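Below are the chains, spelled out letter by letter.
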Amino acid sequence: MQIDFTATAPETAETIALIVERDGKPALDRFDDATRSLITGALAAARFDGEAGTIAEIFVPNGQGTGRVLLVGIGSGDEVEHEKAGGALAGRFLTAGIAGIVVDFAGTSPSPAAVARFAGAAAARAWRFDVYRTKQPERQKPTLTAITIAGAPDGTDAAWAKAKALNEGLELTRTLVSEPPNILYPESFVDRCRHLEELGVTLTILDEAAMAEHGMGALLGVSQGSVREARILAMHWNGTDSTGDPDIALVGKGVTFDTGGISLKPGPGMEDMKWDMGGAGAVAGAMKALATRKAKANVIGVVGLVENMPDGNAQRPGDVVTSMSGQTIEILNTDAEGRLVLADVITWVQHAHRPKTIVDLATLTGAMIISLGSEHGGLFANDDSLAEQILAASRASGDALWRFPMSPAYDKLIDSPIADMKNVGPRGAGSITAAQFIQRFVDPGVRWAHLDIAGMVWSDKPGNTYDKGATGFGVRVLDRLVRDNFEG
């Protein structure tokens, strides 16, 4: 989606969208008396009240033909409601046969950030993954390719540069999550991220031989049933003058396909497990957003990339593996594999880079979907201040999170009679015991948070800033967390 800005709306626009606040009146000065009367009457008949995301469409005379006038509500006019309006506009007219829309903010007083949020939502909502479609009905093909915004306040260009960088990160994440597992696997995931070097990101790649030298028995145990080799990809962005260790590490689970291994998942719906790398995808997208907007922060993103497959060499229930930390793990269920990957990746990033704060993201447990559905991701943390920073970033960004408890009482549920721990606890509190497992690999004094985003990375219905499919969840909250707390 091409987004452009202009001082005033052109008189010749065939489709013009007028922005209207709640219970406000549109700026109709550009129209003659008859057209103004037509628009006013149509709005009254439609009971249009300017609520955020509401749209009224009126056809009016335009020269020798007919033009469209769209009234787009922004409610109270805050950033979130501008986002809702921008997404609604693109969602409604993406396949309507319109190539371009002029959006006129005349008569309103938005902030630069609000206009950028409107434009960013429109561009994000217009994103589609049509790579493998060879036949498509004409009415389903996207036609809307450009939005021109008129009347934006001074400072919008700078605000839009940040929003555009965020959208580029979202597009990378959505592409990675959308790709089929025969195309996206550990090695090809790494290849898809190599372009980040052009933005100034330093990449470090560990193959299975390097992981074996580090003693990563937990991660390699997950991978041993697949013909695809595992990888660890570290992406380091330093936009500061400091040469020290990163202030924050973003860690992602990247199971590029999850059959469940020997603890095989049911067949129906297993195709969805291509998006079990959604946490890794979010980390890659966040790193692209930070590098694109030249964030003044020192951040490392690390993703553990594996396939979990059933095979004659696959990990078995009952096996005991030794993690990089030296702690031993009894495998009770090979489908509780994401926490094994995170255990070794978190240990490695602490040994290699010594971050003071770690945030991991993972499509970790079905129990999280039972708890929260697809309305919130789960947040777990060992530090209240970090939890509050993430929740604030969640509210500001729109990536909704809800905090869950942690305590030694839950920790006892994963103690093993023959090893240091089991990789799965009882049926109850499944998401919490998974978080308790990961916490055992966090060094003393390190602030850590775990985001279980199992219900959030894929959607069966369109949302405000995404179509059906990959949502890009996680990119916005990570970008906002860094912006508000880790940038100089």
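None of the values given here were measured: they were computed from a predicted structure.

**Q** Outline the overall build of the protein, listing residues and values.
**A** The helix and strand tally for the protein stands at 14 helices and 19 strands. For 488 residues, the compact-globule estimate of 2.2 N^0.38 gives 23 Å, and the C-alpha radius of gyration of the protein, at 24 Å, lies within 12% of that figure. In terms of overall dimensions, the protein has a C-alpha envelope of 85 × 50 × 40 Å along the principal axes. Here the protein, with 488 residues, has 55% of them falling under the buried criterion. Taking all contacts inside the protein whose residues are at least 6 apart in sequence as the whole, residues at least 24 apart take part in 76%. If you sum the accessible surface of the protein, you get close to 19800 Å²; carbon and sulfur atoms cover 49% of it. Within the protein, the 61 negative side-chain charges are centred at a point lying 3 Å from the centre of the 45 positive side-chain charges.

**Q** Which residues make up the sheet that holds strand β14 (residues 377-381), and what are the values?
**A** Pairing is mixed across the open sheet formed by 8 strands, whose spatial order is β7-β8-β10-β9-β13-β17-β14-β15. Each end of this open sheet is capped by a strand with a single partner; those strands are β7 (202-206) and β15 (401-403). Averaged over all pairs of adjacent strands, the angle between strand axes in this sheet comes to 20 degrees, irrespective of strand direction. Where β7 meets strand β8 (residues 231-238), 5 bridges bridge the pair, whose relative direction is antiparallel. By the bridge assignment for β8, Leu206 is matched with Ile232. Packed on one face of the sheet, helix α8 (residues 278-292) meets β8, β9 (248-258), β10 (298-308) and β13 (357-362) and runs near 135 degrees to β9.

**Q** Would you mind going over the environment of Thr259 in detail, with residue names and values included?
**A** Mapped onto the fold, Thr259 is located in the loop between β9 and α8. Ignoring anything within four residues of it in the chain, the contact list for Thr259 reads Leu264, Lys265, Met270, Asn308, Met309 and Pro310. Among the polar contacts made by the side chain of Thr259, one reaches the main-chain amide nitrogen of Gly261 at a distance of 2.9 Å. Here the side chain of Thr259 touches Asn308 through a polar contact of 2.8 Å, landing on its backbone oxygen.

**Q** Could you give an account of the packing of helix α2 (residues 79-93) against helix α3 (residues 112-125), naming the residues involved and the relevant values?
**A** The interhelical angle for the contact between α2 and α3, taken along N-to-C directions, is 30 degrees, at an axis separation of 7 Å. Our classification of the angle between α2 and α3 gives roughly parallel. Read as a crossing pair, α2 and α3 show a hand that is right-handed. Listed contacts from α3 to Glu79, Val80, His82, Glu83, Ala85, Gly86, Gly87, Leu89, Ala90 and Gly91 of α2 are Ala113, Ala114, Arg117, Phe118, Ala121, Ala122 and Arg125. Class assignment for the residues of the contact of α2 with α3 results in 9 nonpolar, 4 polar and 4 charged.

**Q** Provide a residue-level description of the sheet that holds strand β12 (residues 328-330), including the pertinent values.
**A** Taken in spatial order, the 3 strands of this open sheet run β11-β12-β16, and their pairing is mixed. Edge positions in the sheet fall to β11 (320-322) and β16 (421-422), since each of these pairs with one other strand and no more. The pairing of β11 with β12 spans 3 bridges and is antiparallel. Looking at the pairing, Thr322 lines up with Thr328 of β12.

**Q** Break down the nonpolar core for me, citing the residues and quoting the values.
**A** If you look at the biggest cluster of nonpolar residues, it comprises 59 residues, and the most contacted ones within it are Phe189, Leu233, Met235, Leu250, Val359 and Ile390. Considering every element that reaches this core, the biggest residue donor is α8, with 9 residues. Of all hydrophobic cores here, the second largest spans 46 residues; its members include Leu206, Ala234, Leu342 and Ala343.

**Q** Help me get a handle on the side chain of His82, residues and values and all.
**A** Mapped onto the elements of the fold, His82 is located in helix α2. In terms of polar contacts, His82 uses its side chain to reach the backbone carbonyl oxygen of Asp78, at 3.0 Å. Setting aside residues no more than four positions away along its own chain, His82 makes contact with Ile74, Gly77, Phe105, Pro110, Ala114 and Phe118.

**Q** Outline α2, listing residues and values.
**A** Spanning 15 residues, α2 covers 22 Å between terminal C-alpha atoms, matching the ideal 21 Å at 1.5 Å per step. Taken residue by residue, α2 has Glu81, His82, Glu83, Ala85, Gly86, Gly87, Ala88, Leu89, Ala90 and Phe93 as its buried positions. Capping the start of α2 is the job of one residue whose side-chain oxygen sits 3.3 Å from the backbone nitrogen of Val80: Asp78.

What counts as what
Residues numbered from 1 in each chain as written. Predicted model: local features only at pLDDT ≥ 70, side-chain atom pairs only at ≥ 80, totals over all residues. Heavy atoms only, no water. Helix = DSSP H or I, 4+ residues; strand = E, 2+ residues; numbered from the N terminus. Rg over C-alpha atoms; globule rule 2.2 N^0.38 Å. Buried < 20%, exposed > 50% of the residue type's maximum accessible area, 1.4 Å probe, protein only. Contact = heavy atoms within 4.5 Å. Areas by Shrake-Rupley, 256 points an atom, 1.4 Å probe, with all protein chains shown as cover. Lys, Arg positive; Asp, Glu negative; His and termini not counted. Charge placed at Lys NZ, Arg CZ, Asp CG, Glu CD. Pairing = 2+ DSSP bridges. Axes fitted to C-alpha atoms, helices over the stretch in contact; angles between N-to-C directions. Polar contact = N/O pair within 3.5 Å; in protein donor to acceptor, adjacent residues only side chain to side chain. Parallel < 35°, antiparallel > 145°, perpendicular 65-115°, else oblique. Left-handed = near helix turned anticlockwise from the far one by under 90°. Nonpolar A, V, L, I, M, F, W, Y, C, P; charged D, E, K, R; others polar. Core = buried A, V, L, I, M, F, W, Y, C linked by side-chain atoms within 4.5 Å. Expected span 1.5 Å × (residues − 1).

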